[in-house]
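Structural characterization, general
So you can see what is in the structure, the chains are spelled out below.
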Amino acid sequence: MEIEMSNHLKKTVGEKKGIGQAYYKLAEEIVSAYVFLILVIYPFYFKDKYFNIGNAKWNFFLLLTFGAGAVLAVCTIWYLAYLARAHELKANIQNMRLSLPDRFVFLYFVIAVLSTLCSPYKNQVIWGTDGWHMGIIAQICFTLIYYFVSRYWKWDKSAIAIYLAAAFGVFLLAVMMRFRIDPLKMYQDLDEQYIINFLTTIGQTTWYSSYVVLLFPLGMFAFWYYDNKQKRILSGIFTSIGFMTIITQNSDSIFVALGIMIFVLFWFSLESNKRFKRFLEVMMVCFMSFKFMGICQLRFPAKAVLPEDWFIFFSQGNLTWGLLAGTIIVYLCFCQIEKKKNINITKIKIIRVILLVALLVGVVLTGIYIYLNTTGKLPENIRSNSNYLLFDEYWGNNRGLSWMAAVKSFLEGNVLRKILGCGPDGFSLYVQNSFGEELARKWGQSVTLTCAHNEWLNTLVNLGVAGAAAYIGIFISAVCRFLKRTKKHPEMIAIVSSILCYMGHNFFCYQQIICTPIVFILIGAGESIIRHDRE
């Protein structure tokens, strides 16, 4: 009798384990396929070239996400029902571990739903503004992407290589198109004046630059970190093409991301002599790539689609030659001193603290200068009319007016609007109510301000203080959590760099349907590494 009960118990336990493993295996396969399609196929998908690319991307994303979500939902409901019948659902819920990013993502989901329910613009906030589609449907999709990737996706170097190969294809296409080599005929029928504003199969240059700052740090990390010769050659080519597209794509937001990217890499490069030399190699590739693009622009002036002055300054100016020469000299001297075993870079880590302090002081002083320059409190001889140092409606390529409209609209809102906002992607209608006349005077009646051109400020208007705090909390908590694991999992350095670059870049940009899903995938991937390591 006891033997029969024991055998029955073993059979039951084995059956439960088998069902659980089958569910997780199926979920892993679906999530892996979804991530593959988002990172490899989605960037290249378009319809009607640039004339309908936003809606085409949205329809692809929606169909793919709803399809994968429906299958996962059916599987999950079935598995939960099985656990309930087995009287194990309560125990599984009680054993569930939630990280700080998990909690912030869930809080963001709840606030976004509440904001939608309280919004006076329900017709818009469900699906979002036409062409942008950042309504509650998109926000729910982003939170679910994080959840399923963090639970069912596993870091796979082969898969990462495929994702980066796709990104390399996009980068290479971008470099070619900046010299009017257009194999997909994307510029066909597009007026000449708009060519500078669109690039590759991503769309607008601001959308494209967001894509670059998310994927480029991953490939650059591979060149910096791995020792395998083949990996270094391939990732070195990736890194070079990445720098080439950075200096030719024409979205000035990318300079903020580039600065963050270099700072993060430098910070971790002081962990060893080898890493510091690799950092110098990255910088040499950077400056050489910039200069190569400058030479091509000068050599083929009729073919080059020239970006704004800042880009030309670094690609064609003499400063980059000086930086390249200086980096080479430092590299050679460092190698020579290291041979004599007279240097250990880890003993001078104080450098990065000094650099961080200098960076923060520089940001504060720049802010003070802009304030004093704008209010006319500076002496005449040190004032500036620079588009970046004088804050008016034209500041930062006309972002000034967008920011002013956003802040004014937020401050004029009632208590409910300040706490929960006007609803996801309700920005355009809400701002029109309080700033409509001035916007019409500046840009005409036919122009609509769809967002603040600052993702964090935009979230403040759309989802209020509560939503903005939760949204920012997702990124900050993820960065802090991942930084603690960089010694055990060095790939976390790449993920942290991508997240920070996105945060800096989108201080001057916005959520959109191509790159916001990718940043949630990356945050989910970092969380997944920690979870699978613990298991």
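Residues numbered from 1 in each chain as written. Predicted model: local features only at pLDDT ≥ 70, side-chain atom pairs only at ≥ 80, totals over all residues. Heavy atoms only, no water.

Okay, the overall build of the protein next. Helix and strand content of the protein: 20 helices and two strands. In terms of overall size, the protein behaves like a compact globule, its C-alpha atoms giving a radius of gyration of 25 Å where 535 residues would be expected to give roughly 24 Å. Along the longest, intermediate and shortest principal axes, the C-alpha atoms of the protein span 95 × 70 × 45 Å. The buried share of the protein, taken over its 535 residues, is 52%. In the protein, the proportion of contacts linking residues at least 24 apart, taken out of those at least 6 apart, comes to 75%. Of note, the protein has its 50 positive side-chain charges centred 8 Å away from the centre of its 33 negative side-chain charges. (Helix = DSSP H or I, 4+ residues; strand = E, 2+ residues; numbered from the N terminus. Rg over C-alpha atoms; globule rule 2.2 N^0.38 Å. Buried < 20%, exposed > 50% of the residue type's maximum accessible area, 1.4 Å probe, protein only. Contact = heavy atoms within 4.5 Å. Lys, Arg positive; Asp, Glu negative; His and termini not counted. Charge placed at Lys NZ, Arg CZ, Asp CG, Glu CD.)

Now for empty space enclosed by the protein. Under the counting rule described, the total for this entry stands at three cavities of 30 Å³ or more. Among the elements that make up the lining of the largest cavity, the one with the highest residue count is helix 18 (residues 455-483) (five residues). Counted by class, the lining of the largest cavity contains seven nonpolar, six polar and two charged residues. Its boundaries defined by the atoms lining it, the second largest cavity holds a volume of some 130 Å³. Lining the second largest cavity are 14 residues, with Leu39, Ile160, Tyr163, Leu218 and Leu522 sitting closest to its centre. Among the elements of the structure, helix 1 (2-41), helix 7 (157-177), helix 8 (205-225) and helix 20 (515-534) are those that each provide at least two residues to the lining of the second largest cavity. For the lining of the second largest cavity, the leading source of residues is helix 20, giving four residues. Taken together, the residues of the lining of the second largest cavity sort by class into 14 nonpolar, no polar and no charged. (1 Å grid on protein atoms, 1.4 Å probe; cavity = no way out; pocket = protein on both sides within 12 Å on 5 of 7 lines; lining within 4 Å. Points joined across faces, edges and corners; volume = space filled by probe spheres on them. Nonpolar A, V, L, I, M, F, W, Y, C, P; charged D, E, K, R; others polar.)

So, about the packing of aromatic side chains. Counting across every chain of the model gives 52 aromatic pairs. Here Tyr23 and Tyr24 contribute two aromatic rings whose centre-to-centre distance is 5.4 Å and whose plane-to-plane angle is 75 degrees, an arrangement assigned as edge-to-face. Note on Phe142 and Phe520: the rings are 5.7 Å apart at their centroids and 15 degrees apart in plane angle, and the pair reads as stacked. With a gap of 378 residues between them, Phe142 in helix 6 (residues 136-152) and Phe520 in helix 20 connect regions that are remote in the sequence. For the pair Phe142 and Phe520, a shared accessibility class is recorded, and that class is buried. Lys231 extends its terminal NZ or CZ atom over the ring of Tyr226, reaching a point 4.7 Å from the ring centre. (Phe/Tyr/Trp six-rings, centres within 6.5 Å; stacked < 30°, edge-to-face > 60°. Lys NZ or Arg CZ within 6 Å of the ring centre and 35° of its normal.)

Okay, the nonpolar core next. Phe61, Phe171, Phe243 and Phe475 are the most contacted members of the largest nonpolar core, which totals 146 residues. A per-element tally of this core places helix 8 first, with 14 residues. Aside from chain neighbours lying at most four places away, what touches Phe171 is Tyr208, Tyr211, Val212, Leu215, Phe216, Phe238, Ile241, Gly242 and Thr245. Formed by 20 residues, the second largest nonpolar core is a distinct cluster that contains Val125, Phe410, Phe435 and Ala452. (Core = buried A, V, L, I, M, F, W, Y, C linked by side-chain atoms within 4.5 Å.)

We now examine helix 8. Spanning 21 residues, helix 8 covers 30 Å between terminal C-alpha atoms, matching the ideal 30 Å at 1.5 Å per step. Along helix 8, the sharpest change in direction is near 30 degrees and occurs at Leu215; proline Pro217 comes one to four residues later. When you tally the buried positions in helix 8, you get 20 out of 21 residues, the bulk of the element. (Expected span 1.5 Å × (residues − 1). Bend = angle between axes of the 7 residues up to and from the residue.)

On the surface, Ile348, Ile350, Ile351, Val353, Ile354, Val357, Val361, Val364, Leu365 and Ile368 cluster together into a nonpolar patch covering about 830 Å² of accessible area. Inspection of the secondary structure puts Ile354 in helix 14 (residues 350-374). (Patch = residues over 30% accessible without salt bridge, like charges linked within 9 Å, V, L, I, M, F, W, Y side chains within 5 Å. Areas by Shrake-Rupley, 256 points an atom, 1.4 Å probe, with all protein chains shown as cover. Salt bridge = Lys/Arg side-chain N within 4 Å of Asp/Glu carboxyl O.)

Purely spatial values, then, with no claim about function.
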